[in-house]
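In case you want the letters, here they are:
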Amino acid sequence: MNADRIIAVRTSKTVYRDGDTVLKVFDEDYKKSDILNEALNQARVEEAGLKVPKILEVLKTDGKWAIRSEFIAGKTLQQLMDENPDKFDELLERFVDIQLEILSHKAPLLNKLKDKMNRKIGESALDATARYELHIRLDGMPTHHKICHGDFNPSNIIVTPDNEAYVLDWSHVTQGNASADAARTYLLFWLSGDIDGAEKYLDLFCKKSETAKKYVQSWMPIVAASQSVKGKKEEREFLLHWANVVDYE
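Remember, predicted model here, so these are calculated numbers, not experimental data. (Residues numbered from 1 in each chain as written. Predicted model: local features only at pLDDT ≥ 70, side-chain atom pairs only at ≥ 80, totals over all residues. Heavy atoms only, no water.)

Remarks on the sheet that holds strand β3 (residues 21-26)
The strand order across the open sheet built from five strands is β1-β2-β3-β5-β4, with neighbouring strands paired in antiparallel fashion. For this open sheet the edge positions go to β1 (5-10) and β4 (55-61), each flanked by a neighbour on one side alone. In this sheet, adjacent strand axes meet at a mean angle of 20 degrees when their direction is disregarded. Bridging between β3 and strand β5 (residues 64-70) involves five bridges; their strand directions are antiparallel. By the bridge assignment for β5, T21 is matched with E70. (Pairing = 2+ DSSP bridges. Helix = DSSP H or I, 4+ residues; strand = E, 2+ residues; numbered from the N terminus. Axes fitted to C-alpha atoms, helices over the stretch in contact; angles between N-to-C directions.)

This is how it looks when you write it as structure tokens:
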């Protein structure tokens, strides 16, 4: 590996620029099955017709598993938002349009969102009563089969110099309900501290998708509980708070 530079450092993985490719290198204790599943999911999303960096190979480098994919030159949508605060609303509209484009596609072999969330709720730190109520609520939600990114935020979109948008990081992708994916994005805005952006995003998503805001909000405790299983301690506390603040009637 001739890594030019580190692009990003995340929990249990480091992303390098390696010539015209990107190499995501996982820590030694990262489960092999999760790495292979991530590569497979991204290949399935690519085959569904979405604009994503193409997977080139899964390999071992210095004893660690890695995924090599295309390098896409450009800036993230988050960078563009930070550099052009006067264009935030315009960029947010593009952000929502990209999400709706993803949600318009299907990939029948992806894992099912409701199955994943049921498993994660069961692993959460909530008490038995709260877990039971969330399982019941989740089971009562409509079952859809749309591609749900699972971590859709402006940092996961690269805009090229030609103004093409590519979506990165498909490790959490599932097939399921679009409103669950929107609830996750709303909570990600909150976690980043952008409360105003969260509200603007939700209003815009609901307007463009013709979805009742209350319906997306009904997914938030479920999504929060599911996402609380992993991540930083302060994020877990925030998400568990969201999972508990809910009227089950």
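Here the narrative resumes.
Looking at the pairing of β5
Pairing analysis gives six bridges linking β4 to β5, with the strands arranged antiparallel. Its bridge partner lying in β5, E57 is registered against R68. Hairpin connection from β4 to β5: two residues lie between these consecutive antiparallel strands, with D62 at a positive phi of about 55 degrees.

Quick notes on unusual backbone geometry
Phi angles above zero are rare outside glycine, and N163 is one such case at about 70 degrees. You will see that D169, though not glycine, has its phi angle at about 60 degrees, which is positive. Note that D169 resides in the loop between β9 (165-167) and β10 (174-176).

Remarks on the pairing of β1
Both β1 and strand β2 (residues 13-18) contribute to a ladder of five bridges, which runs antiparallel. Bridged to R5 within β2 is R17.

With respect to helix α3 (residues 88-103)
Taking 1.5 Å of rise per residue, 16 residues should cover 22 Å, and α3 covers 22 Å from first to last C-alpha, within 8% of that figure. In this fold, the buried residues of α3 make contact with α2 (77-83), β7 (146-148), β8 (157-159), β9, α6 (178-191) and α7 (195-209). (Expected span 1.5 Å × (residues − 1). Contact = heavy atoms within 4.5 Å.)

Here's the deal with the packing of aromatic side chains
Tallied over the full model, the rule gives eleven aromatic pairs. Plain terms: the ring middles of F26 and Y30 are 4.7 Å apart, the flat faces sit at 50 degrees to each other, and that makes the pair tilted. Accessibility expressed as a relative area gives 0% for F26, which makes it buried. Among the aromatic side chains, those forming a connected cluster through ring pairs are F95, F152, F189, Y201 and F205. Taking the ring centre of F71 as reference, the NZ or CZ of R17 above it sits at 3.7 Å. The ring of Y166 has K51 lying over it, and the distance from NZ or CZ to the ring centre is 5.9 Å. (Phe/Tyr/Trp six-rings, centres within 6.5 Å; stacked < 30°, edge-to-face > 60°. Buried < 20%, exposed > 50% of the residue type's maximum accessible area, 1.4 Å probe, protein only. Lys NZ or Arg CZ within 6 Å of the ring centre and 35° of its normal.)

Remarks on the pattern of salt bridges
Overall, the coordinates contain 13 salt bridges when judged by the stated rule. Residue E57 is joined to R68 by a salt bridge in which the shortest nitrogen-to-oxygen separation is 2.8 Å. Of this pair, E57 sits in strand β4 while R68 sits in strand β5, and the two are eleven residues apart along the sequence. Salt-bridge contacts for D203 lead to K213; the nearest nitrogen and oxygen are separated by 2.5 Å. Taken together, the positions of D203 in helix α7 and K213 in helix α8 (residues 213-227) put the pair ten residues apart, joining distant regions of the chain. Exposure remark for D203: the relative accessible area of 39% places this residue in the partly exposed category. A single network of salt bridges, built from pairs that share partners, joins R10, K24, E38 and D169. (Salt bridge = Lys/Arg side-chain N within 4 Å of Asp/Glu carboxyl O.)

Examining the nonpolar core
Membership of the largest hydrophobic core comes to 58 residues, with the highest contact counts inside it found for F95, I157, W170, Y201 and W219. With near-sequence residues (within four places) excluded, W170 lies in contact with N41, Q42, V45, L50, V52, I102, I147 and H149. (Core = buried A, V, L, I, M, F, W, Y, C linked by side-chain atoms within 4.5 Å.)

Some thoughts on α7
The end-to-end C-alpha distance of α7 is 21 Å, a good match for the 21 Å that 15 residues give at a rise of 1.5 Å each. Among the residues making up α7, those that are buried are G197, A198, Y201, L202, L204, F205 and C206. Where α7 is buried, its residues contact α3, α6 and α8. The N-cap residue of α7 is D194: its side-chain oxygen and the backbone nitrogen of G197 are 2.7 Å apart. In the stretch just after α7, E210 is the one whose phi turns positive, near 55 degrees. (Polar contact = N/O pair within 3.5 Å; in protein donor to acceptor, adjacent residues only side chain to side chain.)

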